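Inside the fold
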Amino acid sequence: MPEPVSHSQPRWHYSPAATWMNDPNGLIWDAGSWHLFYQSNPEADTWGNMSWGHATSPDLLTWTEHPIALPHNETEEFYSGSCVVDVNNTSGLGSTDWPALIALYTSHYGPSSPRYGTQAQSLAYSLDGGSHWELYAGNPVLDRASANFRDPKVFWHSGSDSWVMVAVEAEHQQVVLYRSPNLLDWTYLSTFRPSHAVDGAWECPDLFPLEVEGTQERRWVLLVSINPGGVAGGSGVQYFVGDFDGVTFTPEHHAAGTELRDYDWLDFGRDCYAVVSFANVPDGRRIVIGWMNNWDYANHVPLTGGRSLMTIPRELTLVRDGDRHRLRQRPIRELPPTELRSETLQDGDELHVRGAVIAYRDGVLSLDRRRAGETSFHDRFPSVQWADIPQGPPSVELRILVDTCSIEIFAADGLVTITDLVFF
Ligand code: FRU
């Protein structure tokens, strides 16, 4: 493969200064700051030595990179996970006056560990708002002696008065659910079995309630990243809408067909993966960030200082569609509206954006980046992505965010998104 050329740092998207980044981890608002932890290789600009990097922002748009929060050590690497604020000090690790920030992460054990070859869930805590971290002496807190048990997302479930964890048995395409009173002792609840897209590892799940727009009703949304086997090829994120009763998640809708496009996808582009939501958001918005890359070529994309960037933070809502529901995504309202280019495409129209061709024909929106800028660094990078626009109207409204090396299209008021890297 040819050596990638460096591109400048994106303006609106978080990207580390010099090192490798993959999944967002531990997204949380706490004491006036948005925290973005992420999978980092502190020593290089390709994947490895997994540790938690750390950045904070006052507004979700301008980020300050901090020292590595959880550096890998001789026995373990720190794979993906989540953070909570333990306001009631259920863990006993902080106090109610001074609640601990708690990270649940996956210990990926190395050869010098007696647990080598397995992954288990562990806990770290910070008593100074995320700058310094202690590893819990009783780690791991949840071990199934499994090689691919990872990516815990934890939240407080008021219905059952307990913490709930969703994690994956990645190679079995299962989301497993656990409950805990104190974040330390976990009891098995249920397993969400392989469903819809299953031709790849299931990773980075998230489960949260959302109000249905214009109603007082609420549904639960389960996000599941899959790699490979996503709708645009390689990495992708599917979602399920349904109900969670404190034990079991039950989807409301099973696709009639068996094609990838019969399922529900968070994004139809090539570069939107490991999407998870912020915890503890003061105004109750459900805000998500994804990794803007694809495992098909992630280690080869041109540098922007470091390697990889995150998507723009997006707010999720739910929309009724007949007897089921669909996700709507909009860029966070903190983004100056002038940054979003508004376009209406009539049937047959084409739009050229930095060398990529966005087209609308017969109810299908497509983005062709085969001849957009630099594509030769990997043979799977040049590609055309496409999505059906619901009800296929004669025209489609787009809002497009173009940043240094990325295009994010929010179509049909956010019912369809296409997220792609474009190194023009
Ligand atoms: C997803 C993933 C996670 C894992 C992490 C390791 O991109 O494979 O399942 O925790 O990356 O970096």
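Residues numbered from 1 in each chain as written. Predicted model: local features only at pLDDT ≥ 70, side-chain atom pairs only at ≥ 80, totals over all residues. Heavy atoms only, no water.

**Focus on the pattern of salt bridges**
Applying the stated criterion across every chain yields a total of 26 salt bridges. When salt bridges with common partners are traced through the structure, they connect Glu213, Arg328, Arg330 and Asp413 into a single cluster. (Salt bridge = Lys/Arg side-chain N within 4 Å of Asp/Glu carboxyl O.)

**Examining the packing of aromatic side chains**
Tallied over the full model, the rule gives 25 aromatic pairs. When the ring centre of Trp386 is taken as reference, the NZ or CZ atom of Arg261 above it lies at 3.3 Å. The ring centre of Phe381 lies 3.6 Å from the NZ or CZ of Arg369, which sits over that ring. (Phe/Tyr/Trp six-rings, centres within 6.5 Å; stacked < 30°, edge-to-face > 60°. Lys NZ or Arg CZ within 6 Å of the ring centre and 35° of its normal.)

**Quick notes on the sheet that holds strand E27 (residues 395-403)**
Here we have 4 strands laid out as an open sheet, ordered E22-E27-E28-E29, and antiparallel in their pairing. Each edge of the open sheet is held by one strand with a lone partner, namely strand E22 (340-346) and strand E29 (416-421). Shown here is a sheet whose adjacent strand axes are inclined to one another by a mean of 20°, direction ignored. Bridge count for strand E28 (residues 406-411) against E29 is 6 bridges, and the pairing is antiparallel. (Pairing = 2+ DSSP bridges. Helix = DSSP H or I, 4+ residues; strand = E, 2+ residues; numbered from the N terminus. Axes fitted to C-alpha atoms, helices over the stretch in contact; angles between N-to-C directions.)

**Structural notes on the domain arrangement of the protein chain**
If you check the domain split of the protein chain, you get domain 1 (20-337) and domain 2 (341-421). Distance between the C-alpha centres of domain 1 and domain 2: 27 Å. Each partner contributes residues to the interface: domain 1 has 30 residues there, and domain 2 has 27 residues. Note on domain 1 versus domain 2: buried area summed over both sides is about 2,400 Å², and carbon and sulfur give 59% of it. Between Arg314 and Glu408 there is a salt bridge whose closest N-O contact spans 2.8 Å. At the junction of domain 1 with domain 2, the criterion picks out 21 residue pairs in polar contact (both at pLDDT 80 or more). Of all the elements in the fold, those that place two or more residues in the side of domain 1 that touches domain 2 are strand E20 (314-321) and strand E21 (324-331). A per-element tally of the side of domain 1 that touches domain 2 places E21 first, with 6 residues. Here the residues of the side of domain 1 that touches domain 2 are counted per class, giving 14 nonpolar, 6 polar and 10 charged. (Domains from an automatic or database assignment. Contact = heavy atoms within 4.5 Å. Buried area = accessible area lost by both parts, 1.4 Å probe. Polar contact = N/O pair within 3.5 Å; in protein donor to acceptor, adjacent residues only side chain to side chain. Nonpolar A, V, L, I, M, F, W, Y, C, P; charged D, E, K, R; others polar.)

**Looking at the site of the ligand**
Neighbouring the ligand are the residues Asn22, Asp23, Gln39, Trp47, Met50, Tyr79, Ser80, Arg150, Asp151, Glu203, Tyr273 and Trp295. Contacts to the ligand include Ser80, whose backbone N or O atom sits 3.1 Å from an oxygen atom. A distance of 2.7 Å separates an oxygen atom of the ligand from a polar atom in the side chain of Arg150. Surface burial for the ligand is 95%, taken as the share of its 320 Å² of free accessible area covered by protein chains. Of the residues that constitute the shell around the ligand, the class distribution is 5 nonpolar, 3 polar and 4 charged. (Near = heavy atom within 4 Å. Areas by Shrake-Rupley, 256 points an atom, 1.4 Å probe, with all protein chains shown as cover.)

**Brief notes about the pairing of E21**
Taking burial as the measure, the 8 residues of E21 include 6 buried ones, the bulk of the element. With 8 bridges joining them, E20 and E21 adopt antiparallel strand pairing. Looking at the pairing, Val319 lines up with Arg326 of E21. (Buried < 20%, exposed > 50% of the residue type's maximum accessible area, 1.4 Å probe, protein only.)

**Notes on empty space enclosed by the protein**
If you walk through the whole model with that rule in mind, you get 4 cavities of 30 Å³ or more. Within this model, the largest cavity holds a volume of roughly 110 Å³. Looking at the largest cavity, it is lined by 17 residues, and the ones nearest its centre are Pro24, Gly81, Pro152, Lys153 and Val276. Where the lining of the largest cavity is concerned, the elements lending two or more residues are strand E1 (20-30), strand E5 (76-86), strand E10 (149-157), strand E14 (201-211) and strand E18 (273-277). Element by element, the count of residues in the lining of the largest cavity is highest for E1, at 5 residues. When grouped by side-chain class, the residues that make up the lining of the largest cavity number 8 nonpolar, 6 polar and 3 charged. (1 Å grid on protein atoms, 1.4 Å probe; cavity = no way out; pocket = protein on both sides within 12 Å on 5 of 7 lines; lining within 4 Å. Points joined across faces, edges and corners; volume = space filled by probe spheres on them.)

**Observations regarding the nonpolar core**
Ranked by internal contacts, the top residues of the largest apolar core, which has 46 residues, are Tyr14, Trp63, Val221, Leu223, Phe278, Met310 and Leu327. Contributions of two or more residues to this core are made by E1, strand E2 (33-41), E14, strand E15 (218-227), strand E16 (236-244), E18, strand E19 (287-291) and E20. If sequence neighbours within four positions are ignored, Trp63 has contacts with Tyr14, Trp34, His35, Leu36, Ala55, Thr56, Ser57, Phe278 and Ile289. Formed by 45 residues, the second largest nonpolar core is a distinct cluster that contains Val175, Phe240, Tyr263 and Ala356. (Core = buried A, V, L, I, M, F, W, Y, C linked by side-chain atoms within 4.5 Å.)

**Focus: the sheet that holds E16**
Here 4 strands make up an open sheet; going across it, the order is E14-E15-E16-E17 and the pairing antiparallel. The open sheet has two edge strands, E14 and strand E17 (249-251), and neither has a second partner. Shown here is a sheet whose adjacent strand axes are inclined to one another by a mean of 40°, direction ignored. For E16 and E17, the ladder comprises 3 bridges, and the chain directions are antiparallel. Bridging from a neighbouring strand, Gly242 pairs with Pro251 of E17.

**What to know about the layout of surface pockets**
Of the volumes computed, that of the largest pocket is approximately 730 Å³. Around the largest pocket, the lining is made up of 31 residues, and of these Phe155, Trp156, Ala279, Asn280 and Arg286 lie nearest the centre. At the level of elements, E5, E10, E14 and E15 are the ones that each hand at least two residues to the lining of the largest pocket. Per-element tally for the lining of the largest pocket: the top contributor is E14, with 6 residues.

**Examining unusual backbone geometry**
For the bond running from Asn139 to Pro140, omega is -5°, close enough to zero to count as cis. Topologically, Pro140 is positioned in the loop between strand E8 (134-135) and strand E9 (142-146). A cis amide bond, omega -10°, links Asn227 with the succeeding residue Pro228. Residue position: Pro228 is located in the loop between E15 and E16. Within the chain, Asp151 stands out as a residue other than glycine whose phi angle is a positive 65°. Relative to the elements of secondary structure, Asp151 occurs in strand E10. Positive phi, close to 75°, is recorded for Leu183, a residue that is not glycine.

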